[in-house]
Amino acid sequence: MSQRIWLSSPHLGEEETAFVEEAFRTNWIAPLGPHVDAFERELAEHVDVGHAAALSSGTAAIHLGLLLLGVQPGDTVFCSSLTFVASCNPILYCNALPVFIDSEPGSWNMSPQALERAFESARRKNCMPRCVVLVNLYGQSADMDALLPICERYNVPVLEDAAESLGARYKGRASGSFGHLAVYSFNGNKIITTSGGGMLVSSDAALIARARKLSTQAREAALHYEHVGVGFNYRMSNVLAGIGRGQLRVLDERVRQRRRVFERYQEALADIPTVRWMPEPTGYLSTRWLSCFALEGEGAAAQCNVLMRLMERHSIEVRPVWKPMHLQPLFRNAPYFPHADGVDVSRQLFATGLCLPSGSNLSEVQQDRVIAHLRRALSSSVDTRALA
Ligand SMILES: *Cc1c(COP(=O)(O)O)cnc(C)c1O
């Protein structure tokens, strides 16, 4: 049996070990320390946003982001439906109520039409959301020029979930530089990793200063331990920040490598008309964190299931597109605004969409193995009964 091919596995560069050894040598093992400060500075510079706070996870960063935007118990928060649950679990930590917004077919990210209708409905009910969690999916920005003016018109701030899109660009600007606050993740499967970690960024220095305070138990500036508000233990450790500094140095290379994996898949399957790759609209630069496609035509959903099983038989990890949050039992009571009347884009993408192995460390031999099995599965599954 050949070695298993993973969806997205960690890929270290040359310099991480040296940074981690430095942390050991200087006994900076605690949270806080010179690597944390440097990682924040270097990441902020890389995405051209003024300030950054290094945290224990992307989820922690979203939680603090919501608190910093003033989310209170009973508030509503708009959130993209097609995402990983970490985008909206923190809404529940705040005892707030999520309202889910569908995707649009052009970018698979938040639908401006659905967002507009959600705002109109909120205004009619006199129940405006405290903020909008705007997700950039699978390494690609949402359509900021369409979405941000809507939020501005209603005077509602944006928390940009760029956990999956570090390194992506939208009309020349870095993904994660559009929201009042934005979040990156360095979990093990993301484009760069600290094994676990996250970053909250903003052009607002005061917000990031408050994030640092909240993430270290909200200590007041006093020698004794004085506390006025509730705090959290959400700071990144100096050891992990050392890994992050090394990883940041290879980020651009990782983007090129992931895009190359995608291009090889796209070229190799160009003759199969039912495969519709996640679009990359003009002016966008996706990192192709994951190479994703949706199958078209009759029986596409059944075909996806067969395909996943066939790939698994050959020890190749293929996953469905995220199950949308409005279809999750956890959020069964949450309101939902589809792209258009009777057009549920995220539901359709979940039913017919798949994510292929996309790691920047996939060898061409491994990619060819994926391609060969995919081709076979896609051509044979014309008759799915034979394979069921
Ligand atoms: C990974 C991810 C997160 C959370 O990041 P962690 O660092 O794993 O907590 C949030 N949102 C999205 C869309 C993600 O993919």
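Here the structure is a predicted model, which is why all the values come from computation and not from measurement. (Residues numbered from 1 in each chain as written. Predicted model: local features only at pLDDT ≥ 70, side-chain atom pairs only at ≥ 80, totals over all residues. Heavy atoms only, no water.)

## Quick word on a nonpolar patch on the surface
Residues Leu 92, Tyr 93 and Leu 330 make up a contiguous nonpolar surface patch of about 280 Å² in total accessible area. With respect to the helices and strands, the residue Leu 330 is situated in the loop between strand E13 (319–320) and strand E14 (336–337). (Patch = residues over 30% accessible without salt bridge, like charges linked within 9 Å, V, L, I, M, F, W, Y side chains within 5 Å. Areas by Shrake-Rupley, 256 points an atom, 1.4 Å probe, with all protein chains shown as cover. Salt bridge = Lys/Arg side-chain N within 4 Å of Asp/Glu carboxyl O. Helix = DSSP H or I, 4+ residues; strand = E, 2+ residues; numbered from the N terminus.)

## Description of helix H10 (residues 300–313)
Taking 1.5 Å as the rise per residue, H10 with 14 residues should run 20 Å; its terminal C-alpha atoms sit 20 Å apart, in good agreement. Listed in full, the buried residues belonging to H10 are Ala 300, Gln 303, Cys 304, Val 306, Leu 307, Met 308, Leu 310 and Met 311. In the stretch just after H10, Ser 315 is the one whose phi turns positive, near 60°. (Expected span 1.5 Å × (residues − 1). Buried < 20%, exposed > 50% of the residue type's maximum accessible area, 1.4 Å probe, protein only.)

## Details of the environment of Met 110
Structurally, the position occupied by Met 110 is in the loop between strand E3 (97–101) and helix H5 (112–124). A residue is classified by how much of its surface remains accessible, and Met 110, at 1% relative accessible area, is buried. Distance from Met 110 to Ser 346, taken between C-alpha atoms, is 9.5 Å for residues 236 residues apart in sequence. Other than its neighbours up to four places away in sequence, Met 110 contacts Cys 79, Ser 80, Ile 101, Asp 102, Ser 103, Glu 104, Leu 115, Val 132, Val 133, Leu 134 and Leu 147. (Contact = heavy atoms within 4.5 Å.)

## Details of the domain arrangement of the protein chain
Domain boundaries in the protein chain define domain 1 (14–248) and domain 2 (252–387). Measuring from the centre of the C-alpha atoms in domain 1 to the corresponding centre in domain 2 gives 26 Å. Domain 1 puts 45 residues into the contact, and the matching count from domain 2 is 42 residues. Buried surface at the junction of domain 1 and domain 2, both sides included, amounts to about 3700 Å², of which 65% is carbon and sulfur. Of all residues in domain 1, the largest losses of buried area upon contact with domain 2 belong to Trp 108, Tyr 138 and Ile 191, amounting jointly to 23% of the total for that side. Linking domain 1 with domain 2 are 22 residue pairs in polar contact (both at pLDDT 80 or more), by the criterion used here. (Domains from an automatic or database assignment. Buried area = accessible area lost by both parts, 1.4 Å probe. Polar contact = N/O pair within 3.5 Å; in protein donor to acceptor, adjacent residues only side chain to side chain.)

## Things to note about the site of the ligand
Not every one of the 15 residues close to the ligand is listed here, only the nearest: Gly 58, Thr 59, Glu 164, Ser 185 and Lys 190. Contacts to the ligand include Glu 164, whose side-chain N or O atom sits 2.6 Å from an oxygen atom. Expressed as a share of its isolated accessible area of 380 Å², the protein-covered part of the ligand is 94%. Considering every element that reaches the shell around the ligand, the biggest residue donor is helix H3 (residues 58–68), with 3 residues. Of the residues in the shell around the ligand, the class split is 4 nonpolar, 8 polar and 3 charged. (Near = heavy atom within 4 Å. Nonpolar A, V, L, I, M, F, W, Y, C, P; charged D, E, K, R; others polar.)

## Section: the sheet that holds E3
Strand order in the open sheet formed by 8 strands is E1-E9-E8-E5-E4-E2-E3-E14, with mixed pairing between adjacent strands. Strand pairing shows two members of the sheet lacking a second neighbour, strand E1 (51–55) and E14, which therefore form its edges. Two elements, E1 and strand E9 (residues 198–202), share 5 bridges in a ladder whose sense is antiparallel. Following the sheet pairing, Ala 52 is matched in E9 by Val 201. Along the sheet face, H3 touches E1, strand E2 (76–80), strand E4 (131–135), strand E5 (158–161), strand E8 (181–185) and E9 and points at about 170° away from the line of E8. (Pairing = 2+ DSSP bridges. Axes fitted to C-alpha atoms, helices over the stretch in contact; angles between N-to-C directions.)

## So, the packing of H5 against helix H6 (residues 144–153)
With their axes 9 Å apart at the nearest point, H5 and H6 run at an angle of 10° to one another. Taken as axis vectors, H5 and H6 run roughly parallel relative to one another. Counting all contacts with H5, which are made through Pro 112, Leu 115, Glu 116 and Phe 119, the residues of H6 involved are Ala 146, Leu 147, Ile 150, Cys 151 and Arg 153. Looking at side-chain class alone, the contact of H5 with H6 contains 7 nonpolar, no polar and 2 charged residues. (Parallel < 35°, antiparallel > 145°, perpendicular 65-115°, else oblique.)

## Comments concerning the pairing of E2
A large share of E2 lies buried, amounting to 5 of its 5 residues. Here E2 shows a buried face lined by Thr 76, Phe 78 and Ser 80 and a second buried face lined by Val 77 and Cys 79. In the sheet, E2 pairs with E3 via 5 bridges, with the strands oriented parallel. What sits directly across from Thr 76, in E3, is Leu 97. Pairing analysis gives 3 bridges linking E2 to E4, with the strands arranged parallel. Paired with Cys 79 across the bridge in E4 is Val 133.

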